[in-house]
Amino acid sequence: IAGITQAPTSQILAAGRRMTLRCTQDMRHNAMYWYRQDLGLGLRLIHYSNTAGTTGKGEVPDGYSVSRANTDDFPLTLASAVPSQTSVYFCASRGLAPQETQYFGPGTRLLVL
Amino acid sequence: GDSVTQMEGPVTLSEEAFLTINCTYTATGYPSLFWYVQYPGEGLQLLLKATKADDKGSNKGFEATYRKETTSFHLEKGSVQVSDSAVYFCALLKGNAGAQKLVFGQGTRLTINP
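The residue count restarts for each chain, going from 1 along the sequence in the order it is written. Working convention: letters from A go to chains and numbers from 1 go to ligands, in the order in which they are written. Local features in this predicted model are restricted to residues whose pLDDT is 70 or higher, and side-chain atom pairs enter the listing and the counts only when it is 80 or higher, whereas totals over whole chains, interfaces and linings include all residues. Where side-chain values are given, they derive from all heavy atoms of the structure, hydrogens and water being excluded.

## Observations concerning the interface of chain A and chain B
For step 1, the next point in the chain: At the interface, 20 residues of chain A touch 20 residues of chain B.
For step 2, the next point in the chain: A pair is scored as a salt bridge if a Lys or Arg side-chain nitrogen falls within 4 Å of a carboxyl oxygen belonging to Asp or Glu. At the boundary of chain A with chain B, the tally comes to 0 salt bridges.
For step 3, the next point in the chain: For the purposes of these results, a polar contact is taken to be a pair of N or O atoms within 3.5 Å, where, inside protein, one atom must be able to donate a hydrogen and its partner to accept one; residues adjacent in sequence count only when each atom of the pair is a side-chain atom. One can count 3 residue pairs in polar contact (both at pLDDT 80 or more) joining chain A with chain B.
For step 4, the next point in the chain: Elements with a contribution of two residues or more to the side of chain A that touches chain B: β4 (31–38), β5 (42–49), β9 (87–94) and β10 (102–104) of chain A.
For step 5, the next point in the chain: In terms of residues, the side of chain A that touches chain B owes the most to one element, β5 of chain A, which gives 4 residues.
For step 6, the next point in the chain: When residue character is reported, Ala, Val, Leu, Ile, Met, Phe, Trp, Tyr, Cys and Pro are called nonpolar, Asp, Glu, Lys and Arg charged, and the others, Gly included, polar. In the side of chain A that touches chain B, the residues fall into 11 nonpolar, 8 polar and 1 charged. Every residue pair with non-hydrogen atoms within 4.5 Å of one another is taken to be in contact. Strands are runs of DSSP state E lasting at least two residues, helices are runs of H or I lasting at least four, and both sets are numbered from the N terminus onward.

## As for the environment of H74 of chain B
Residue and element names in this part refer to chain B.
For step 1, the next point in the chain: For H74, the location among the structural elements is in the loop between β8 (62–65) and β9 (75–77).
For step 2, the next point in the chain: Buried residues are those whose accessible area, probed at 1.4 Å on protein chains only, stays under 20% of the maximum for their type, while exposed residues exceed 50% and partly exposed ones sit between those limits. Exposure remark for H74: the relative accessible area of 28% places this residue in the partly exposed category.
For step 3, the next point in the chain: Counting along the chain gives 39 residues from H74 to W35, while the straight-line C-alpha distance between them is 9.2 Å.
For step 4, the next point in the chain: Other than its neighbours up to four places away in sequence, H74 contacts T20, I21, N22, C23, T24, W35, E63, A64 and T65.

## Points about the packing of aromatic side chains
Any two aromatic rings considered together are summarised by their centre-to-centre distance and by the angle between their planes.
For step 1, the next point in the chain: Under the pairing criterion, centres of Phe, Tyr and Trp rings, with the six-membered ring standing for Trp, must be within 6.5 Å; the plane angle then separates stacked pairs below 30 degrees from edge-to-face pairs above 60, leaving the rest tilted. By the definition in use, this model includes 11 aromatic pairs over all chains.
For step 2, the next point in the chain: Site record: aromatic cluster; members linked through ring pairs are Y33, Y35 and F104 of chain A together with F34, Y36, F89 and F104 of chain B.
For step 3, the next point in the chain: Whether a charge sits over a ring depends on NZ of Lys or CZ of Arg being within 6 Å of the ring centre and within 35 degrees of the ring normal. Its end group placed over the ring of F74 of chain A, R68 of chain A keeps NZ or CZ at 6.0 Å from the ring centre.
For step 4, the next point in the chain: For the cation-ring pair, K101 of chain B lies above Y48 of chain A, with the distance from its terminal atom to the ring centre recorded as 4.3 Å.

## Examining the state of the cysteines
Residue and element names in this part refer to chain A.
For step 1, the next point in the chain: The rule for a disulfide is simple: a pair of cysteine sulfur atoms within 2.5 Å. Here the structure, examined in full by the defined rule, presents 2 disulfides over all chains.
For step 2, the next point in the chain: Across the disulfide, C23 is cross-linked to C91 (sulfur-sulfur distance 1.9 Å). Taking the sign of the torsion about the S-S bond as the criterion, the disulfide between C23 and C91, at about -70°, is left-handed. With C23 in strand β3 (residues 19–25) and C91 in strand β9, this pair connects stretches of sequence that are 68 residues apart. Across the pair, C91 and C23 agree in class, each one buried.

Below is the structure:
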């Protein structure tokens, strides 16, 4: 069982370019999440999905979009990247049982120049 | 809104020292509380959790007790090792079943010197 995979591992992107970060889980979890991690700010929730076909905005959604066409995949798109989106991005998933643990992917390190 | 505050880092200790990383929270109701650990170059892993007041979570020699009266969930370890060097995140789980989300503290970087 792979758990959660993210791609790419890292990326350097020119400002203004479009970029999709991929996230796939094989645990059949209903809920999935995207976070960004910035020094001194911990993890901040960008978008989430409680089940396939639904999405919601987190704490810092501006400049990002997500889709959830199926249970396994939850891509995050930056329509027009800006330098402030330089960060490490983590995807996570969780089953629906109350108090169930949230599992994290290995992260994507993104540098926007 | 719900929030988590951790002691500021970085924290540097010698091997076998006693560790405390403070965590306090603000929340409505009684959320579940978590400590996650992030080793260099990796994602976050659950270290321990507590789901109700006075519960003690423990794992790998780490412990934390859910203190409702002080709204705290401090992480402790009696004798740290070099391999404990990592960033530690305190978090609370908010929301109703089916729509729950984690709220994280800012993280505390721990370095253990041999």
